[in-house]
Amino acid sequence: MEEAIIIRWPENLDDKDAQEIVDLSTPELKIKGVQHEDERLFAAFEWTIPTTFIVMVSGLFFKSFMEEAGKDAYQMLKTRLKEYILKRREIKTKLVAASQSPNKLSKTYDQSLSVSMKARLHSRLVVNVMISEKVENQDADDMMDGVFEVLNMLYVQCQEAAPEGQVNGNIRPEELYLLANPETKLWEILSSKEMSDRYRNS
């Protein structure tokens, strides 16, 4: 992934907010926009289904924060991405289960189906950031500030453990999930199994 940021949105939507962010692309910090078909059928857990809007960031985004010349651009883009995600969170999306399996959908799933963020921090790590529907608006801004801090911390840990200049897309990464806890106001890191245990129907 050569881009620092990729934003995906439906091809039938004129997403001016996304395009404004894409237009901020520079040779040093590349940003790409990808429009996709939104009429898809899935047989999967809610948290593995692509949301309508997806913000994808790579380790290059966090690398810029470590370099003095890129700090201003990082802060500006972080603010724009935060605003974009919170605005898209206001769009409500629902999934409809097939009539043959009405209990397929989780009864307790409380994350946005409209927007999410993926962070490919290292060749061996992808973090799926789920955007809570339960976090109140007044806490949502702090929630998003916190997630960038957590992702940056994970990026630094990855680089310390196995330094690399660019992500190797041919390596299958471990996938983790980041979820905001509305009560503690902290971000929780969950494995795929822990996501299944939390949201499976009893």
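Structural data are supplied above this passage.
Predicted, not measured: the structure shown is a model, and the values here were computed from it.

**With respect to the side chain of serine 112**
Phase 1: For serine 112, the location among the structural elements is in strand 4 (residues 111-122).
Phase 2: What makes serine 112 buried here is its relative accessible area of 1%.
Phase 3: Among the polar contacts listed, one links the side chain of serine 112 to the backbone nitrogen of serine 114, at a separation of 3.0 Å.

**Let's talk about the packing of helix 2 (residues 59-66) against helix 3 (residues 71-89)**
Phase 1: The contact between helix 2 and helix 3 brings their axes to 7 Å, and the two run at 135°. Considering their axes alone, helix 2 and helix 3 lie oblique with respect to each other. The element helix 2 and its partner helix 3 pack so that their crossing is left-handed. Where helix 2 approaches helix 3, its residues Phe61, Phe62, Ser64 and Phe65 are matched on the opposing element by Lys71, Tyr74, Gln75, Leu77, Lys78 and Leu81.
Phase 2: For the contact of helix 2 with helix 3, the residue count by class is six nonpolar, two polar and two charged.

**Points about the packing of aromatic side chains**
Phase 1: This structure, assessed with the given rule, holds seven aromatic pairs.
Phase 2: Here the aromatic rings of phenylalanine 61 and phenylalanine 62 are separated by 5.1 Å at their centres, their planes lie at 80°, and the arrangement is edge-to-face.
Phase 3: On the accessibility criterion, phenylalanine 62 (0% relative accessible area) is buried.
Phase 4: A network of ring pairs unites the aromatic residues Phe61, Phe62, Tyr74, Phe148 and Tyr155 as a single cluster.
Phase 5: Against the face of phenylalanine 53 rests arginine 88, its NZ or CZ located 5.2 Å from the ring centre.

**Section: unusual backbone geometry**
Phase 1: A positive phi angle is found at lysine 185, which is not glycine, with a value near 60°.
Phase 2: Within the secondary structure, lysine 185 is located in the loop between strand 6 (174-181) and strand 7 (186-190).

**A closer look at the sheet that holds strand 1 (residues 5-10)**
Phase 1: One open sheet accounts for seven strands, arranged 2-1-3-4-5-6-7; its pairing is mixed. Unpaired on one side and paired on the other, strand 2 (31-36) and strand 7 mark the two borders of the sheet. When the angles between neighbouring strand axes are averaged without regard to direction, this sheet yields 20°.
Phase 2: Summarising the sheet, strand 6 and strand 7 pair through five bridges and their orientation is antiparallel. Its bridge partner being in strand 7, leucine 178 is matched across the sheet by isoleucine 189.

**A closer look at the pattern of salt bridges**
Phase 1: Applying the stated criterion across every chain yields a total of 12 salt bridges.
Phase 2: Across the pair aspartate 139 and lysine 185 runs a salt bridge whose closest N-O atoms are separated by 3.7 Å. A residue pair is termed long-range when its members are at least 10 positions apart, and aspartate 139 in helix 4 (residues 137-161) and lysine 185 in the loop between strand 6 and strand 7 qualify at 46 residues.
Phase 3: Assessed through its relative accessible area of 55%, lysine 185 is described here as exposed.
Phase 4: A salt bridge links glutamate 188 to arginine 198, with the shortest nitrogen-to-oxygen separation between them at 2.8 Å. Taken together, the positions of glutamate 188 in strand 7 and arginine 198 in helix 5 (residues 192-199) put the pair 10 residues apart, joining distant regions of the chain.
Phase 5: Given a relative accessible area of 22%, glutamate 188 falls into the partly exposed group.

**Re helix 3**
Phase 1: Over its 19 residues, helix 3 extends 27 Å from the first C-alpha to the last, a length consistent with the 27 Å expected when each residue adds 1.5 Å.
Phase 2: If you check which residues of helix 3 are buried, you get Tyr74, Leu77, Lys78, Leu81, Lys82, Tyr84, Ile85, Leu86, Arg88 and Arg89.

Reading the values: rules and limits
Residues numbered from 1 in each chain as written. Predicted model: local features only at pLDDT ≥ 70, side-chain atom pairs only at ≥ 80, totals over all residues. Heavy atoms only, no water. Helix = DSSP H or I, 4+ residues; strand = E, 2+ residues; numbered from the N terminus. Buried < 20%, exposed > 50% of the residue type's maximum accessible area, 1.4 Å probe, protein only. Polar contact = N/O pair within 3.5 Å; in protein donor to acceptor, adjacent residues only side chain to side chain. Axes fitted to C-alpha atoms, helices over the stretch in contact; angles between N-to-C directions. Parallel < 35°, antiparallel > 145°, perpendicular 65-115°, else oblique. Left-handed = near helix turned anticlockwise from the far one by under 90°. Contact = heavy atoms within 4.5 Å. Nonpolar A, V, L, I, M, F, W, Y, C, P; charged D, E, K, R; others polar. Phe/Tyr/Trp six-rings, centres within 6.5 Å; stacked < 30°, edge-to-face > 60°. Lys NZ or Arg CZ within 6 Å of the ring centre and 35° of its normal. Pairing = 2+ DSSP bridges. Salt bridge = Lys/Arg side-chain N within 4 Å of Asp/Glu carboxyl O. Expected span 1.5 Å × (residues − 1).

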